[in-house]
Amino acid sequence: MHTNRILLGCLAAIALTGMVACSSTNYGDDQFQLRMAAHGKDIIWMPTKVETTHEMLTLAGVKSTDILYDLGSGDGVIPIEAAKLYGVRAYGIEYNPDLVALSIRNAERAKVQNLVSFRRGDIFVEDFSQATVLTLYLGESLNTRLMPKILAMQPGTRVVSNTFRIDSWIPDREIKTRSGDMAYLWVVPAKVDGSWAINGLPRVDKANLVIRQKKQFFDGSIQSPNSRTIHFEDGRINGNQLEFEYQDGATKYSFKGQITTGQLTGILNNDPKLQIVAKRAAPQLSR
Ligand SMILES: C[S@@+](CC[C@H](N)C(=O)[O-])C[C@H]1O[C@@H](n2cnc3c(N)ncnc32)[C@H](O)[C@@H]1O
């Protein structure tokens, strides 16, 4: 079905551009000519437009220190443009060996061969866990198959997808590109689900912070033996950063913190005197 959507996009492009966008002669070189919608392993080949590539890289906030991986890298346009624009180390994993060879030649022509590498492989087998930026133009069902691996990546990894969402994972940002397609950004959230022994909260002091996480969102409660349980909603995680608000009596508190090596540290109401530390607590047995 998603293959069909990409194919339909190609057919629409043919209708709109009089074959320019989908002409097989526009891609490849004297050694290998590409046919738009050529057979790929799990999805056909269609290129991300250069202009859209630039918009995706901006959406991801790429910096020279990033490590970018494009899964199903086709003719290499995304890693090559990323290296050209940002001087970033960029990798492509592609199943079709002709496309891998073409992308290597394209990188040489663009004079970024020292920054980019392409390897032949299956995106469901190859390791891309060191990426800090991951780019996708694969279709929603392949994105969804990749989701468990993506969620296990380093917190803060930015994932940008051309056109297609990842299952029901709500994007952190989305844009309509100048060509009219959507591009989506997700930031891999730290894992905060569970129980934390938290110290330093005003009026409560020692308590149990229980977090129920749904990707980059969470709600939870603050449970203490000497005060009533306080519930809160709408917590947000951005990579290793998290924030939530709660109400204790007439006072509203806003917590901003970060996860470092399994510890949660932060401050309340931007007041440096209200430093909070939480450590993972043993899970409580539910009754
Ligand atoms: C829609 S194209 C996107 C190409 C490139 N990422 C871009 O945005 O221009 C999808 C690419 O994924 C490749 N592909 C499909 N299944 C794959 C798999 N299991 N492992 C690696 N590459 C795959 C196809 O050969 C094709 O080049």
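Residues numbered from 1 in each chain as written. Predicted model: local features only at pLDDT ≥ 70, side-chain atom pairs only at ≥ 80, totals over all residues. Heavy atoms only, no water.

(A) Spatial organisation of the overall build of the chain. Along the chain, the regular secondary structure elements total 5 helices and 15 strands. A buried classification covers 47% of the 287 residues belonging to the chain. Intrachain contacts of the chain at a sequence separation of at least 6 include 51% that bridge at least 24 residues. Carbon together with sulfur atoms contributes 52% to the accessible area of the chain, which is approximately 14,400 Å² in total. (Helix = DSSP H or I, 4+ residues; strand = E, 2+ residues; numbered from the N terminus. Buried < 20%, exposed > 50% of the residue type's maximum accessible area, 1.4 Å probe, protein only. Contact = heavy atoms within 4.5 Å. Areas by Shrake-Rupley, 256 points an atom, 1.4 Å probe, with all protein chains shown as cover.)

(B) Just helix H2 (residues 50-60), in detail. Along H2, the residues classified as buried are Thr 52, Thr 53, Glu 55, Met 56, Leu 57, Leu 59 and Ala 60. In this structure, the buried residues of H2 make contact with strand S1 (67-71), helix H3 (77-86), strand S4 (133-136), strand S5 (158-162), strand S6 (173-176) and strand S7 (182-187). In the stretch just after H2, Gly 61 is the one whose phi turns positive, near 60°.

(C) Up close: the side chain of Asp 70. Turning to its location among the elements, Asp 70 is positioned in strand S1. A distance of 2.8 Å separates polar atoms of two side chains, one belonging to Asp 70 and the other to Thr 135. (Polar contact = N/O pair within 3.5 Å; in protein donor to acceptor, adjacent residues only side chain to side chain.)

(D) Up close: the site of the ligand. Taken together, 23 residues sit near the ligand, with Asp 42, Thr 48, Asp 70, Gly 72 and Glu 94 positioned nearest. Here an oxygen atom of the ligand sits 2.5 Å away from a polar atom, N or O, in the side chain of Thr 48. Between the ligand and Glu 94, the relevant distance is 2.6 Å, taken from an oxygen atom to a side-chain nitrogen or oxygen of the residue. Here the ligand loses 100% of its free accessible area of 600 Å² to cover by the protein chains. In a pocket analysis with a 2 Å cut-off to the grid points, the ligand is assigned to the largest cavity. Split by residue class, the shell around the ligand holds 12 nonpolar, 6 polar and 5 charged. (Near = heavy atom within 4 Å. 1 Å grid on protein atoms, 1.4 Å probe; cavity = no way out; pocket = protein on both sides within 12 Å on 5 of 7 lines; lining within 4 Å. Sits in = over half its atoms within 2 Å of the grid points. Nonpolar A, V, L, I, M, F, W, Y, C, P; charged D, E, K, R; others polar.)

(E) Examining the environment of Ile 93 more closely. Secondary-structure assignment places Ile 93 in strand S2 (residues 89-94). Each C-alpha atom, one on Ile 93 and one on Phe 128, is 8.8 Å from the other, the two residues being 35 residues apart in sequence. Not counting the four nearest positions on each side in its chain, Ile 93 is found in contact with Tyr 69, Asp 70, Leu 71, Gly 72, Ser 73, Arg 119, Gly 121, Asp 122, Ile 123, Glu 126, Asp 127 and Phe 128.

(F) Quick look at the layout of surface pockets. The space that makes up the second largest pocket amounts to roughly 230 Å³. Looking at the second largest pocket, it is lined by 14 residues, and the ones nearest its centre are Tyr 27, Val 50, Asp 75, Val 77 and Asn 106. Where the lining of the second largest pocket is concerned, the elements lending two or more residues are H3 and helix H4 (97-109). (Points joined across faces, edges and corners; volume = space filled by probe spheres on them.)

(G) Structural context of the side chain of Asp 75. Following the sequence through the fold, Asp 75 ends up in the loop between S1 and H3. For the buried residue Asp 75, which engages in no salt bridge, the nearest side chain bearing the opposite charge is Arg 109, 8.9 Å off. Those residues in contact with Asp 75 that lie beyond four places of it in its chain are Tyr 27, Leu 34, Trp 45, Ile 80, Leu 99, Leu 102, Ser 103 and Asn 106. (Lys, Arg positive; Asp, Glu negative; His and termini not counted. Salt bridge = Lys/Arg side-chain N within 4 Å of Asp/Glu carboxyl O.)

(H) Inspection of empty space enclosed by the protein at higher detail. All told, the structure shown has 1 cavity of 30 Å³ or more when counted by the stated rule. Ile 43, Gly 72, Ser 73, Glu 94 and Leu 138 are, among the 28 residues lining the largest cavity, the residues nearest its centre. Of the residues belonging to the lining of the largest cavity, the class tally is 14 nonpolar, 8 polar and 6 charged.

(I) Spotlight on unusual backbone geometry. Even without being glycine, Thr 163 reaches a positive phi, approximately 75°. Here the phi dihedral of Lys 215 falls at roughly 55°; this positive angle occurs in a residue that is not glycine. Tracing the backbone shows Lys 215 in the loop between strand S9 (205-214) and strand S10 (217-224).

(J) Up close: the sheet that holds S7. Pairing is mixed across the open sheet formed by 7 strands, whose spatial order is S3-S2-S1-S4-S5-S7-S6. At either end of the open sheet lies a strand with only one pairing partner, and these are strand S3 (116-120) and S6. Sheet twist, expressed as the average angle between the axes of neighbouring strands with direction ignored, equals 15°. Direction of pairing for S2 relative to S3: parallel, over a ladder of 5 bridges. Within the sheet, the bridge partner assigned to Tyr 91 lies in S3 and is Ser 117. Across the sheet, H2 touches S1, S4, S5, S6 and S7, and the angle it forms with S5 is around 155°. Strand contacts of H4: S2 and S3, with the helix running at about 170° to S3, the strand carrying the most contacts. (Pairing = 2+ DSSP bridges. Axes fitted to C-alpha atoms, helices over the stretch in contact; angles between N-to-C directions.)

(K) View of the sheet that holds strand S14 (residues 263-268). Read around the closed barrel, 8 strands run S8-S9-S10-S11-S12-S13-S14-S15, paired in antiparallel fashion. For this sheet, the mean angle separating the axes of adjacent strands, direction not counted, is 30°. Where S9 and S10 come together, 7 bridges link them in antiparallel fashion. Residue pairing for S10: Ile 211 is matched across the bridge by Gly 220.

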